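Examining the three-dimensional arrangement
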Amino acid sequence: MTVSPPSLASCPSAVAGGATAKTKGGAVVSNAAALESANPLLRSWSDQPFLLPPFKDIRPEHFAPAFDVAMREHLSDLEAIASSSDEGFDAVLGAYDRAGALLGRVEAVFDNYTDSLNTPELQAVQTKMAPILSRHESRSYDVPGLFEKVERLYGMREQKLARGEWSGEQARLAERVYIDFVRMGAKFDAAAKSEYADIQAELSTLQTKFMQNILKDEEDWELVLTEKDMEGCPPDIVAAAREAAVEKNKGPDDHVITLGRSMVEPFLSQSTRRDLRKTVFEAFSKRGELSPDRDNLKVAVQILRLRKRQATMHKKRTYAEYKFEDTMAQTPENGMKLLLDVWEKAKVAANGEREMMEEFLGNKGETLKGGIQPWDWRYYAEQVRKAKFDFDFDELKPYFSLDAVTNAVFDVSGKLYGLKYVKRDDIVAYHPDVVVYEVRRSRKDSPVDGEDDLVAIFLHDNFARPHKASGAWMSELRIQTKNLAPGADPMEAIPIVLNNNNFVKGSENTLLSFDDGVTLFHEMGHGHHGMLSDCFYEYLASTNVLRDFVELPSQLMEHWISEPAVLKQHAKHFETGEPVPDDLIKRLKAAELFNEGFYTVEYSICAMLDIALHQETEYDNDFDLLRFEKKYLAEQGMPQGVAMRHRPAHFSHLFSGSSYAAGYYVYQWAQVLDNDVFAAFEEQGDIFHPQTAERCKRLIYSKGNTQPPQELFRQFRGREPDATFMLKNLGLIPK
């Protein structure tokens, strides 16, 4: 559950680690030849609704030539800024924010396709373009005379702000652009800049390879079963396995388990066959190392060595120190302090949960060879949940159709922030599964009843499929801005937001697990961050915030899905339309903290290992990533039966890009913030309290990176964050 990586056009660098999800969707193309081109990525999109990309016309072969034109235009934009005699704010930083519109829109489409529809043909383009795009990014930070202008404006920002000559957002833009230039090596000498560009290019190639290796493992691996082998699995998972068999041209009685998380976790939770659970778990946990031809462990070590060299060039002892410098946490020690505090409490909780399972087995007169193993945990946790709390998540599934949960998240969005979603079946997206919506908001104080404004275009891509990356994420084809080029279509200010999930598609109805529902709400929180952005400069807008703030808007949204008022209104049986029974909601709430120890441990150990791995000062020829993992887990006292949620060979957050490298801790950092923010609603006795929602929209969702996130939180709560709310809600301390 992430935010997509940044693009290249006048954007905060992925390596700089100071911001996220930067894509420029400007539709103005200045190159006359490009406008006349038959390439759909280069021609005007003015004939498309809302200036959306012409999806039906785009082919893999269009990207390389489009990038070639777009990169030249981007450099031309930057050179014009550097050579201009006008050194005023708009002539430098305003123009810098607008630069590279064509590159931004091409790359936004490309990134979306490589995440959501990465066919072998497109993977070949991706492999070819990765180092080329990286070298272009390096060149864009080394245009002669450009950094000197940026540095000059940075140096006068406080004086200009104090005199009232600049707005706070202008001063922040000067600061953020300068920081990103420096973190991209703008102060290096020529030889160091050349070396840094080489490192960046090699990293981009390796990170692309890492991602493609995982995708290939997930596409190739399958477990063919009979219906009898599916014993214990709920009907929707059995149906999904049968559907997968049909797609893979298997026999008429076959069922196929694939390595999508939305299929694997239900199978591990419900299958009565321990041998099959073990087979599925081991394959799932070894993605990225299933074939010697796709050894991601070797790729990851190469990436670690290059990152260490980056850090050394920035005069930092480790890559973690380099990354943390531009975060709310500031240092690896501060990030680790929070993780360790939670870790020790979570270990106690997880060990207690395992003891409950062992007691359950003992009462039944059963023993497990080797004790409870990672492929057993989810299964026996569900058995204990049923026995102790009389609650089974499968009881909830019939009330959690995709339609019902989507309606719920849209309704919560409307009640909190006044947004309404108008489905546009007439608009063709990049895949038939994708649903397109207009997002509108009623116009305040309008004399015309019902008059509203377009806020965003929203694309909902919910289903797992071949050539789609695993996980869930938000991305943007166009980011909100008010800094439009002269003569630009006003539609270019309207964001285009995408949410991707990987739910197992049902043959008639798609039923979600409770965790799937949480994921859908989480990604909509990211979506709100893009839709509700209200910044002048695109560089600071939307999710372009410090990494340990970006998960606050998403995790905050998760709180509403388990609220009884939301469940009662929207959790309706997919066949009868009956609302979820009060008794089932009561049992859900009684059981909601059970197994939180497990979930916290499987996440926290990943975040801790991430920091520890990037705090290493050397990765010599004998460095063994599996040995490091095993040793670290033993040192931290990893509870028996729990495994890392993401093992190194498929830890995409760390090695498919650099945005979350030495930064996976951000989910827990943001948990402190989101639980504290939600408490503000609870303290009002109304989870939709209008004044609190308005402040939340203004300070959490709309400000982007126009102010430091610490200041925004203090304005919202009137104090520093308090971790007590998180610890109580995780069941780690008494409520």
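Residues numbered from 1 in each chain as written. Predicted model: local features only at pLDDT ≥ 70, side-chain atom pairs only at ≥ 80, totals over all residues. Heavy atoms only, no water.

1. Topic: the overall build of the chain
When its secondary structure is counted, the chain shows 29 helices and eight strands. Its C-alpha atoms give the chain a radius of gyration of 25 Å, within 12% of the compact-globule value 27 Å for 735 residues. With the principal axes as the frame, the chain shows a C-alpha extent of 85 × 70 × 55 Å. Each of the 735 residues in the chain was classed as buried or not, and the buried ones make up 62%. Look at the contacts in the chain between residues 6 or more apart in sequence, and 76% of them connect residues 24 or more apart. Within the structure as shown, the chain displays about 27,800 Å² of accessible surface, and the carbon and sulfur contribution to it stands at 49%. One way to put it: in the chain the 88 positive side-chain charges average out to a point 2 Å from where the 114 negative ones average out. (Helix = DSSP H or I, 4+ residues; strand = E, 2+ residues; numbered from the N terminus. Rg over C-alpha atoms; globule rule 2.2 N^0.38 Å. Buried < 20%, exposed > 50% of the residue type's maximum accessible area, 1.4 Å probe, protein only. Contact = heavy atoms within 4.5 Å. Areas by Shrake-Rupley, 256 points an atom, 1.4 Å probe, with all protein chains shown as cover. Lys, Arg positive; Asp, Glu negative; His and termini not counted. Charge placed at Lys NZ, Arg CZ, Asp CG, Glu CD.)

2. What about the pattern of salt bridges?
Following the criterion strictly, the structure yields 67 salt bridges and no others. Of the charged contacts, one joins Asp534 and Lys482 as a salt bridge, the two residues approaching to 2.7 Å between their closest N and O atoms. Note that Asp534 is positioned in the loop between helix 19 (514-531) and helix 20 (547-558) and Lys482 in the loop between strand 7 (473-478) and strand 8 (496-503), a separation of 52 residues in sequence. With a shortest N-O distance of 3.8 Å, Asp624 and Arg627 are connected by a salt bridge. Classification of Asp624 as partly exposed rests on a relative accessible area of 32%. Counted as one network, the salt bridges with shared partners bring together Lys420, Arg424, Asp426, Glu438, Arg440 and Asp452. (Salt bridge = Lys/Arg side-chain N within 4 Å of Asp/Glu carboxyl O.)

3. Some remarks on the pairing of strand 5 (residues 435-442)
Where strand 4 (residues 419-423) and strand 5 come together, five bridges link them in antiparallel fashion. Pairing of Leu419 across the sheet is with Arg441, part of strand 5. Here strand 5 pairs with strand 6 (residues 452-463) via eight bridges, running antiparallel. Among the inter-strand pairings, Arg441 is bridged to a residue of strand 6, identified as Asp453. (Pairing = 2+ DSSP bridges.)

4. Quick notes on empty space enclosed by the protein
Summed over all chains, the structure comprises four cavities of 30 Å³ or more. In this structure, the largest cavity spans a volume of roughly 180 Å³. Lining the largest cavity are 19 residues, and of these Phe281, Phe284, Arg378, Glu602 and Met644 lie nearest its centre. Of all the secondary-structure elements, those providing two or more residues to the lining of the largest cavity are helix 11 (261-270), helix 12 (274-285), helix 16 (374-389) and helix 23 (596-614). Looking at the lining of the largest cavity element by element, the count peaks at four residues for helix 11. Of the residues that constitute the lining of the largest cavity, the class distribution is nine nonpolar, three polar and seven charged. (1 Å grid on protein atoms, 1.4 Å probe; cavity = no way out; pocket = protein on both sides within 12 Å on 5 of 7 lines; lining within 4 Å. Points joined across faces, edges and corners; volume = space filled by probe spheres on them. Nonpolar A, V, L, I, M, F, W, Y, C, P; charged D, E, K, R; others polar.)

5. Things to note about the environment of Asp220
Tracing the backbone shows Asp220 in helix 9 (residues 190-220). By relative accessible area, which is 39% here, Asp220 ends up partly exposed. Distance from Asp220 to Thr258, taken between C-alpha atoms, is 8.7 Å for residues 38 residues apart in sequence.

6. What to know about the packing of aromatic side chains
In this structure the tally under the stated criterion is 45 aromatic pairs. Judged by centre distance (5.7 Å) and plane angle (65°), the ring pair of Phe55 and Tyr430 falls under edge-to-face. Taken together, the positions of Phe55 in the loop between helix 1 (32-36) and helix 2 (63-83) and Tyr430 in the loop between strand 4 and strand 5 put the pair 375 residues apart, joining distant regions of the chain. Of the two residues, Phe55 and Tyr430, both sit in the buried class. Where Phe147 meets Phe181, the ring centres are 5.8 Å apart and the plane angle is 25°; that geometry is what we call stacked. Here Phe181 lies in helix 8 (residues 168-183) and Phe147 lies in helix 6 (residues 146-155), a separation of 34 residues in the sequence. Comparing Phe147 with Phe181 shows no difference in burial state: the two are buried. Members of the aromatic cluster, connected to one another through ring pairs, are Tyr96, Tyr141, Phe147, Tyr154, Tyr178, Phe181 and Tyr539. Directly above the ring of Phe389 sits Lys388, whose terminal nitrogen or CZ lies 5.8 Å from the centroid. (Phe/Tyr/Trp six-rings, centres within 6.5 Å; stacked < 30°, edge-to-face > 60°. Lys NZ or Arg CZ within 6 Å of the ring centre and 35° of its normal.)

7. Quick word on helix 15 (residues 332-363)
One full turn of an α-helix is made of 3.6 residues, so residues set three or four places apart face in the same direction. For helix 15, which comprises 32 residues, the first-to-last C-alpha distance of 45 Å matches the rise-based estimate of 46 Å (1.5 Å per residue) to within 8%. Downstream of helix 15 by one or two residues, Gly365 has phi in the positive range, about 75°. (Expected span 1.5 Å × (residues − 1).)

8. Comments concerning the environment of Ala679
Here Ala679 is to be found in helix 26 (residues 666-683). According to the relative accessible area criterion, Ala679 is buried, its value standing at 3%. It is 43 Å that separates the C-alpha atoms of Ala679 and Gly370, two residues lying 309 residues apart in sequence. Setting aside chain neighbours within four positions, we find Ala679 in contact with Arg717 and Phe725.

9. Details of the packing of helix 15 against helix 26
Relative to each other, helix 15 and helix 26 sit at 75°, their axes nearing to 10 Å. Here helix 15 is positioned roughly perpendicular relative to helix 26, judged by the angle of their axes. Only Gln668, Trp669 and Val672 of helix 26 make contact with helix 15, whose side of the interface consists of Asn334, Leu338, Leu339 and Val342. Here the residues of the contact of helix 15 with helix 26 sort into five nonpolar, two polar and no charged. (Axes fitted to C-alpha atoms, helices over the stretch in contact; angles between N-to-C directions. Parallel < 35°, antiparallel > 145°, perpendicular 65-115°, else oblique.)

10. Some details on the confidence of the model for the chain
Scored by pLDDT, the chain has a mean of 94; 94% of the residues are at 70 or more. Below pLDDT 50 for its whole length, residues 10-30 participates in 108 contacts with residues either more than four positions away or in separate chains. (pLDDT = per-residue confidence, 0-100.)

11. With respect to the packing of helix 18 (residues 402-417) against helix 19
Packing of helix 18 against helix 19 brings their axes to within 10 Å, and their N-to-C directions diverge by 35°. Remark: the crossing between helix 18 and helix 19 carries right-handed chirality. Of the residues in helix 19, those touching helix 18 at Leu402, Val405, Thr406, Ala408, Val409, Phe410, Val412, Ser413 and Tyr417 are Gly517, Leu520, Phe521, Met524 and His528. Among the residues making up the contact of helix 18 with helix 19, the classes are represented as ten nonpolar, four polar and no charged. (Left-handed = near helix turned anticlockwise from the far one by under 90°.)

12. Side note on the side chain of Ser659
In this structure, Ser659 sits in the loop between helix 25 (652-655) and helix 26. A residue is classified by how much of its surface remains accessible, and Ser659, at 8% relative accessible area, is buried.

13. What about unusual backbone geometry?
The phi dihedral of Phe50 is positive, around 60°, even though this residue is not glycine. Overall, the relative accessible area of 15% leaves Phe50 in the buried class. Positioned with a positive phi, Lys315 is a non-glycine residue whose angle comes to about 60°. Within the secondary structure, Lys315 sits in the loop between helix 13 (296-313) and helix 14 (319-324). What makes Lys315 exposed here is its relative accessible area of 77%.

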